[in-house]
Amino acid sequence: MEEKLNGIVLGGVSYGDNDKILNIFTLEKGKVSARIKGVKKASAKLKFAAEPFCFAEFVFLVSGDKRTVKTASLIESFYPVREDIVKFFCAATVLEFVKKFFRENITDSEMFVLVLDALKKIAYGNSPKKELLAFLIFALKEVGYALKLDGCFACEKDIEVKPYFDYNVGGFFCENCFMGVGREINIKTYLALKAVSEEKDILEEDATLGLRLIDYYISNKAEEKMVALEELIRQKL
Ligand SMILES: [Zn+2]
């Protein structure tokens, strides 16, 4: 049986001498795995379809629960992410988030559109970190780890100085309500996250502060290590 799916390649691992098993996030069926044959040979026609970020229309041969790539037509390669290291780590963080937080074979066309949109904005826009931050704030909400950014978690008043962040609740506290759980953060970090959640523009350097907090939040609350995100932060790009 043949099956046609539109998908973005998240990554792949070697299989045998010349094959790879790809992890593909598809519009129609969520995350799926598929074998692609002969792709490690220099002359392989479908080499492009085994690269991370490749968005293509795939035709699979399906046998039982196994898929093999028959053909693929490239729709978008997000080429600029290969030429700019900041864009690369931002886009790689989007893929890593999908790999770590979305379940296999669960269709989520809304998230697919969001991922596609984030990759486009990171590749072709001028604010890759801000676009990544916007993606992560929204995507965290979708997977049950929403950040609460509408004022103090306890008294709901605006926070103007000295916010404290408690990763257990994903919320921020004002100085008066802080009860000793969580840690003090830079007010600029809180304001950057809040502005992006309200779809406002921020500076790329302020986006870095927001990304740093999200990395801290994910590693403590969800206990996942975000390799590409940490590389982006570590390199002070
Ligand atoms: Zn308060």
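**Remarks on the sheet that holds strand β8 (residues 183-184)**
The strands making up a sheet are joined through hydrogen bonds of the backbone, oriented either antiparallel or parallel.
Then, number 1: Pairing within the open sheet is antiparallel, and its 3 strands lie in the order β7-β6-β8. With partners counted over all chains shown, the strands left at the sheet margins are β7 (171-173) and β8, one partner each.

**A word on helix α2 (residues 109-124)**
For an α-helix the count is 3.6 residues per turn, leaving residues at separations of three or four pointing the same way.
Then, number 1: Between its terminal C-alpha atoms α2 stretches 22 Å, which fits the 22 Å expected from 16 residues at 1.5 Å a residue.
Then, number 2: Those residues of α2 not exposed but buried are M111, F112, V115, L116, A118, L119, I122 and A123. Looking straight down α2, one finds that the buried residues subtend no more than 160° of arc, so they occupy a single side. Summarising the geometry of α2, the exposed residues directed more than 90 degrees from the buried face are E110 and V113.
Then, number 3: In the core, the buried residues of α2 are packed alongside β1 (2-15), β2 (19-26), β4 (55-63), α1 (85-101) and α3 (128-142).

**Notes on the packing of α2 against α3**
Packed helices, taken two at a time, are described by the angle their axes make and the gap between the axes.
Then, number 1: Packing of α2 against α3 leaves a shortest axis separation of 9 Å and a crossing angle of 165°. Here α2 lies roughly antiparallel to α3, going by the angle between them. The handedness of the crossing between α2 and α3 is left-handed. When α2 is examined against α3, the residues E110, M111, L114, V115, A118, K121 and I122 are found in contact with a partner set consisting of P128, E131, L132, F135, F138, A139 and E142.
Then, number 2: The residue makeup of the contact of α2 with α3, split by class, is 10 nonpolar, no polar and 4 charged.

**Structural notes on the coordination of the zinc ion**
Then, number 1: Those protein atoms acting as donors to the zinc ion are C152 (SG), C155 (SG), C174 (SG) and C177 (SG), and they sit at 2.3 Å.
Then, number 2: Because the angles between the 4 donor atoms bound to the zinc ion fall within 103 to 116°, the donor set is best described as tetrahedral.
Then, number 3: Donor residues binding the zinc ion come from one chain and are separated in sequence as C-x2-C-x18-C-x2-C. Here the residue C152 occupies a position in the loop between α3 and β6 (164-166), and C177 occupies one in the loop between β7 and β8, the gap between them amounting to 25 residues.
Then, number 4: Its relative accessible area of 2% is what places C152 among the buried residues.

**Regarding α1**
Then, number 1: In this model, α1 (17 residues) spans 24 Å end to end at C-alpha, consistent with the 24 Å of a helix rising 1.5 Å per residue.
Then, number 2: Summarising burial for α1: 13 of the 17 residues are buried, a large majority.
Then, number 3: For α1, the N-terminal cap is D84; the gap from its side-chain oxygen to the backbone nitrogen of V86 is 2.9 Å.

**So, the pairing of strand β3 (residues 30-36)**
Then, number 1: Counting buried positions along β3 yields 5 of 7 residues, so the element is predominantly enclosed.
Then, number 2: Relative to β3, β2 is paired through 7 bridges, and the arrangement is antiparallel. Across the sheet, the residue bridging to N23 is S33, located in β3.
Then, number 3: In this antiparallel pair of consecutive strands, β2 and β3, the connection spans 3 residues.

**As for the domain arrangement of the chain**
Then, number 1: Domains assigned within the chain are domain 1 (2-76) and domain 2 (85-234).
Then, number 2: Placing the centre of domain 1 and that of domain 2 at their C-alpha centroids yields a distance of 30 Å.
Then, number 3: Each side of the interface is counted separately: domain 1 has 20 residues, and domain 2 has 20 residues.
Then, number 4: Summing both partners gives a buried area of about 1600 Å² for domain 1 against domain 2, and 69% of it is carried by carbon and sulfur.
Then, number 5: For the domain 1 face of the interface with domain 2, the top three residues by lost area are F25, K31 and F53, together amounting to 42%.
Then, number 6: For the salt bridge of K31 with E104, the shortest nitrogen-to-oxygen distance reads 4.0 Å.
Then, number 7: Counting the contacts that link domain 1 with domain 2 gives 7 residue pairs in polar contact (both at pLDDT 80 or more).

**Considering the packing of α1 against α3**
Then, number 1: Between α1 and α3, the shortest axis-to-axis distance is 9 Å and the interhelical angle comes to 10°. Relative to α3, α1 is oriented roughly parallel. Here V86, K87, C90, T93, V94 and F97 of α1 lie close against α3, whose contacting residues are P128, K129, L132, F135, L136, A139 and L140.
Then, number 2: Grouping the constituent residues of the contact of α1 with α3 by class yields 10 nonpolar, 1 polar and 2 charged.

**Some details on the confidence of the model for the chain**
Then, number 1: The predicted model of the chain has a mean per-residue pLDDT of 95, with 100% of residues at 70 or higher.
Then, number 2: When pLDDT is averaged over each helix and strand of the chain, the minimum, 94, is found for β8 and the maximum, 98, for β4.

Calculation notes
- Residues numbered from 1 in each chain as written.
- Predicted model: local features only at pLDDT ≥ 70, side-chain atom pairs only at ≥ 80, totals over all residues.
- Heavy atoms only, no water.
- Pairing = 2+ DSSP bridges.
- Helix = DSSP H or I, 4+ residues; strand = E, 2+ residues; numbered from the N terminus.
- Expected span 1.5 Å × (residues − 1).
- Buried < 20%, exposed > 50% of the residue type's maximum accessible area, 1.4 Å probe, protein only.
- Arc of directions from axis to C-beta.
- Contact = heavy atoms within 4.5 Å.
- Axes fitted to C-alpha atoms, helices over the stretch in contact; angles between N-to-C directions.
- Parallel < 35°, antiparallel > 145°, perpendicular 65-115°, else oblique.
- Left-handed = near helix turned anticlockwise from the far one by under 90°.
- Nonpolar A, V, L, I, M, F, W, Y, C, P; charged D, E, K, R; others polar.
- Donors = N, O, S within 2.8 Å, 3.2 Å for Na, K, Ca; no water.
- Tetrahedral: all angles 85-135°; square planar, octahedral: opposite > 155°, others 65-115°.
- Polar contact = N/O pair within 3.5 Å; in protein donor to acceptor, adjacent residues only side chain to side chain.
- Domains from an automatic or database assignment.
- Buried area = accessible area lost by both parts, 1.4 Å probe.
- Salt bridge = Lys/Arg side-chain N within 4 Å of Asp/Glu carboxyl O.
- pLDDT = per-residue confidence, 0-100.

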